[in-house]
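Descriptive structure summary
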Amino acid sequence: MAMTTLEGLAHGLAVALQPGVLIYSLLGAVLGTLVGVLPGIGAMAAITLLLPITYYISSEAALVMLAAVYYGAQYGGAVASILLRLPGTPQSAVTTLDGYPMAQQGRAGVALFTAMISSFAGSMLGIVILVLLAGGLSQLATSFGAADYATMMVLGLVAASTIGEGRLSKSLAMVVLGVILGCVGTDVNSGAQRFTFGQVQLLDGINLVALAMGLFGLAEIIGNIRKAEHDGPPARVSLRELVPTRDDLRRLAAPIARGTALGGFFGALPGTGSTISSFLSYALERRVARQPERFGKGAIEGVAGPEAANNSASITAFVPTLTLGIPGDPIMALMLGALVIHGIQPGPMMLEAHPDMFWGLVISFGIGNLFLLVLNLPLIGIWVAMLRIPFRWLYPAIIIFVCLGVYSVRGSTFDIVMVAGIGVIGYALTQAAFSPALLLLGFVLGPLIETNLRRALLISRGDPMIFLERPIACGFGIATVALLIYGFVKHRKHGLQEKRAS
């Protein structure tokens, strides 16, 4: 088996190093970075626009280019998140929690360097996971049933409630609100309209990009307009301040390793993806930290872990797509469509039927990430220089990009109005010490939990014992209850200590 893998890698290297394939890999990396930096555009829109072009190029070059756009957007998404608190992609929303405070402290260059290095390390380790464990991960993905997915995601929501500062009740309230917002739209099973209030534009639900842009981007603009006018532009940043300190570098290794492992696992599971893994990585880093109070105030681990997780997940997301023919998210569905366009049938036999495509794509991941690292590291100084632009000139351009990004997703002016309203609400929540990140996580996971919960109950004919009879689901359920008990006990002790101190 090892010899077969080595031969496959050598064969893939020959395919990936073809001049035509290299050019399209570089083109995809550049385009991916650009669409990631532009708030709200994202890889989805870029791949959709590029898909017709793939008719006229070879299948290897087409898939390499589209894949480079996908993981390249993960790199670019961190830039706007760190500098402007505008998530370039939904996956990078959690990077704003500590990346933006680092930028406010004059450490934007360090934050960007950390994001790029973590993204590169997460991607390269994700490739190793893909090569060595693709077979095992595909079998693991097929062993997960609806009940297992439902309980796993409930565990994720409870674990991620540690992202919120302050009271546990506020954190859980944000999660519940996010779940409720995720229910808006047409019910997939019954076709009933839920929480649409007669608005036709809400039949497809709330736009995820509009929600992320409003909660993080516009809310920050509202809060900073007056402050920026008085404070003026920040001081110039020296070259030395762009380089991480020895203490920074010491703190990076463990979060990158943990984030890569989480991303590699969740990326291989259909229907989860990099957004979930980045949030859970942040929650894990805060849970294991000796000083969790540093998070949300510029902790470098809060940038390294999530960035490694979402980039690792973007690589291992190809596992169910290529080996099972099951797309894990809408972007993977587009990749699946591109394969079908070129007459390639994904599935267990793809490795034998199309070794050029499989191994060439795997090797191109490594080459594309090298392109991204070489491309992005020299640009750090240029990105940081953006902070010298007076805010009164910068925020109108930001609002224009936000509107363009939101409109590009569904072509709806209603979404532009919605993002404005969400921005006001996000500002109010921030002022009241609620965590917008938890609302976004609840919004992402809520529909997935509902879908898998209902599917599990349909399979069991309404018998809830299915959640106890399946070992994986039962294990996740026990862990969820244990986390809830631990959280309540911890917050109760903290409350008693505050009363005694007062």
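All figures in this text were calculated on a predicted structure; none of them were measured in a lab.

1. So, the packing of helix 11 (residues 274–288) against helix 20 (residues 436–459)
- The geometry of helix 11 relative to helix 20 is characterised by a closest axis approach of 11 Å and an angle of 135° between their N-to-C directions. If you check the angle between helix 11 and helix 20, you find them oblique. Two packed elements cross with a definite hand, and for helix 11 against helix 20 that hand is left-handed. Here Thr275, Ile276 and Phe279 of helix 11 lie close against helix 20, whose contacting residues are Ala437, Leu440, Leu441, Val444, Leu445 and Leu448.
- Split by residue class, the contact of helix 11 with helix 20 holds 8 nonpolar, 1 polar and no charged.

2. Regarding helix 12 (residues 301–316)
- When the terminal C-alpha atoms of helix 12 are compared, their 22 Å separation across 16 residues agrees well with the 22 Å that a helix rising 1.5 Å per residue should span.
- Most of helix 12 sits out of view: 16 of its 16 residues are buried.

3. Observations regarding the packing of helix 2 (residues 19–37) against helix 4 (residues 59–84)
- Packing of helix 2 against helix 4 brings their axes to within 6 Å, and their N-to-C directions diverge by 30°. On the basis of the axis angle, helix 2 is roughly parallel to helix 4. The chirality of how helix 2 crosses helix 4 is right-handed. Only Glu60, Ala61, Val64, Met65, Ala68, Val69, Gly72, Ala73, Gly76, Gly77, Val79 and Ala80 of helix 4 make contact with helix 2, whose side of the interface consists of Val21, Tyr24, Ser25, Leu27, Gly28, Ala29, Leu31, Gly32, Thr33, Val35, Gly36 and Val37.

4. Some points on helix 20
- In this model, helix 20 (24 residues) spans 35 Å end to end at C-alpha, consistent with the 34 Å of a helix rising 1.5 Å per residue.
- Positive phi shows up at Arg461, right after helix 20, with a value of about 60°.

5. Considerations on the environment of Ala313
- As for its position among the elements, Ala313 is in helix 12.
- Taking the C-alpha atoms as reference points, Ala313 and Ser274, 39 residues apart in sequence, are found 5.1 Å from one another.

6. Some remarks on the environment of Gly405
- By secondary structure assignment, the location of Gly405 is in helix 18 (residues 391–410).
- Among the residues examined, Gly405 registers a relative accessible area of 0% and is labelled buried.
- Separated by 370 residues in the primary sequence, Gly405 and Val35 have C-alpha atoms spaced 9.6 Å apart.

7. What about the confidence of the model for the protein chain?
- When pLDDT is averaged along the protein chain, the result is 79, and 86% of the positions lie at 70 or above.
- Of the regions scoring below 50 in pLDDT, residues 230–235 engages in 4 contacts with residues more than four places distant in sequence or in other chains.

Thresholds applied
Residues numbered from 1 in each chain as written. Predicted model: local features only at pLDDT ≥ 70, side-chain atom pairs only at ≥ 80, totals over all residues. Heavy atoms only, no water. Axes fitted to C-alpha atoms, helices over the stretch in contact; angles between N-to-C directions. Helix = DSSP H or I, 4+ residues; strand = E, 2+ residues; numbered from the N terminus. Parallel < 35°, antiparallel > 145°, perpendicular 65-115°, else oblique. Left-handed = near helix turned anticlockwise from the far one by under 90°. Contact = heavy atoms within 4.5 Å. Nonpolar A, V, L, I, M, F, W, Y, C, P; charged D, E, K, R; others polar. Expected span 1.5 Å × (residues − 1). Buried < 20%, exposed > 50% of the residue type's maximum accessible area, 1.4 Å probe, protein only. pLDDT = per-residue confidence, 0-100.

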